[in-house]
Amino acid sequence: MNEWNIALGALVLLLSLAAAALLLRWYFVPSGAHRAAPAAEETVPLAALLRPQEVPANGIGWCPAEEAERLHAYYPDGRQCWTCRTFTPAGGVL
């Protein structure tokens, strides 16, 4: 064998090792195909987000926390004192 055959054999060996390394890297790099699909998010229209949900009615009422008559915001399920922010359920002290 002469030097050219040895050099050519070394070059072929080097190229085949590089190709094998690239193929193994391509094979073992995760693609994400094994992962579960992301859960669908519940979407709400913008108009529903901008629409007022509850408009409180204001009035004077007895606040049990302050033991005085104060301005309250009245909701369907109760009322809330504007001064101390105490919430009184609808069946509570009026």
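Use the structure listed above.
Residues numbered from 1 in each chain as written. Predicted model: local features only at pLDDT ≥ 70, side-chain atom pairs only at ≥ 80, totals over all residues. Heavy atoms only, no water.

(A) Highlighting the pairing of strand β3 (residues 78-81). With 4 bridges connecting them, strand β2 (residues 68-75) and β3 associate as antiparallel partners. Of the residues in β3, the one forming a bridge with Tyr75 is Gly78. In sequence, β2 turns back onto β3 through a hairpin of 2 residues. Examined bridge by bridge, β3 and strand β4 (residues 87-89) share 3 bridges and lie antiparallel to one another. Within β4, the residue paired with Arg79 across the bridge is Thr88. (Pairing = 2+ DSSP bridges. Helix = DSSP H or I, 4+ residues; strand = E, 2+ residues; numbered from the N terminus.)

(B) The environment of Arg70, seen in detail. Note that Arg70 resides in strand β2. Its relative accessible area of 31% is what places Arg70 among the partly exposed residues. Along the sequence, Arg70 and Leu13 sit 57 residues apart, while their C-alpha atoms lie 90 Å from each other. (Buried < 20%, exposed > 50% of the residue type's maximum accessible area, 1.4 Å probe, protein only.)

Structural measurements only, silent on function.
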